[in-house]
Amino acid sequence: MNYADIKQYDVANGTGIRVSLFVSGCTHHCKECFNKETWDFQYGDPFTDNEIEKILGFLKPDYVAGLTLLGGEPMEPVNQEGLLPLLRQVHEKYPEKNVWCYSGYLFDRDIVGKMFRESDVTRELLSYIDILVDGEFIQEKKNLKVNFRGSDNQRIIDVKKSLAAGEVIHWDGEIV
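Residues numbered from 1 in each chain as written. Predicted model: local features only at pLDDT ≥ 70, side-chain atom pairs only at ≥ 80, totals over all residues. Heavy atoms only, no water.

Description of the environment of isoleucine 131
Phase 1 of the analysis: Assignment of secondary structure puts isoleucine 131 in strand β6 (residues 131-134).
Phase 2 of the analysis: When the C-alpha positions of isoleucine 131 and methionine 115 are compared, they lie 17 Å apart, and in sequence the two are 16 residues distant. (Helix = DSSP H or I, 4+ residues; strand = E, 2+ residues; numbered from the N terminus.)

Right under this line is the structure:
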């Protein structure tokens, strides 16, 4: 897996101060995507143990709320495999930190409805994700007034509650 960027301090992509990892590779190709260069799976640099250690160090301060995964597309199968070692270590070292993930795939139809059933990697990866913002960015539904989303069709989903309930449970705005 390649990555485009690591932001040590991000306040736009989830609650609180966050560390954000922008992965490379996306097959959605949303019209007016803000990060088109990350469509290419070869863009950026290889994601190695060095980057994992860097992210773990950035997460250490108490004032950092958690990690956000975006891109590109974190839920592309090759990216899931690349992210799993990172999320395992984040969960082990910082169980109090939350993980947000942005995906153009729909949680119920694509991720749980297909990937989750077919892939042990997806099942384990989802066990470490607290909040998923799902749905492709749709230019015609762009809304600058909604928090943590780019367009009105996108949902903010509480992953753990949704998996337990067997249906989509929208995040209630409480810090997880």
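Quick look at the environment of glycine 113
Phase 1 of the analysis: Along the chain, glycine 113 turns up in helix α3 (residues 107-118).
Phase 2 of the analysis: Contact partners of glycine 113, with chain neighbours within four places excluded, come to Phe107 and Asp108. (Contact = heavy atoms within 4.5 Å.)

Remarks on the sheet that holds strand β5 (residues 98-103)
Through backbone hydrogen bonds, the strands of a sheet pair up, either in parallel or in antiparallel fashion.
Phase 1 of the analysis: Spatially, β3-β1-β2-β4-β5-β6-β7 is the arrangement adopted by the seven strands of the open sheet, whose pairing is mixed. Of all the strands in the sheet, just β3 (45-46) and β7 (155-158) have a single pairing partner and so form its edges.
Phase 2 of the analysis: Bridge analysis of strand β1 (residues 2-10) against strand β2 (residues 17-23) gives five bridges, and the strand direction is antiparallel. From the neighbouring strand, lysine 7 faces β2, where its bridge partner is serine 20.
Phase 3 of the analysis: Of the strands in this sheet, β1, β2, β3 and β4 (64-71) are in contact with helix α1 (residues 49-59), which crosses β1 at around 15°. (Pairing = 2+ DSSP bridges. Axes fitted to C-alpha atoms, helices over the stretch in contact; angles between N-to-C directions.)

Looking at the nonpolar core
Phase 1 of the analysis: Leu21, Ile55, Leu67, Leu69 and Leu86 are the most contacted members of the largest nonpolar core, which has 35 residues in total.
Phase 2 of the analysis: Sorting the residues of this core by element identifies β1, β2, α1, β4, α2 (77-93), β5, α3 and α4 (120-128) as the ones contributing at least two each.
Phase 3 of the analysis: If you look at the next biggest cluster of nonpolar residues, it comprises eight residues, including Phe22, Trp100, Val133 and Ile156. (Core = buried A, V, L, I, M, F, W, Y, C linked by side-chain atoms within 4.5 Å. Buried < 20%, exposed > 50% of the residue type's maximum accessible area, 1.4 Å probe, protein only.)

Quick word on the side chain of threonine 68
Phase 1 of the analysis: Take threonine 68: it is sitting in strand β4.
Phase 2 of the analysis: If we ignore the near neighbours within four places in the chain, the residues touching threonine 68 are Asn13, Arg18, Val19, Ser20, Leu21, Trp100 and Tyr102.

Purely geometric stuff here, so don't read any function into it on its own.
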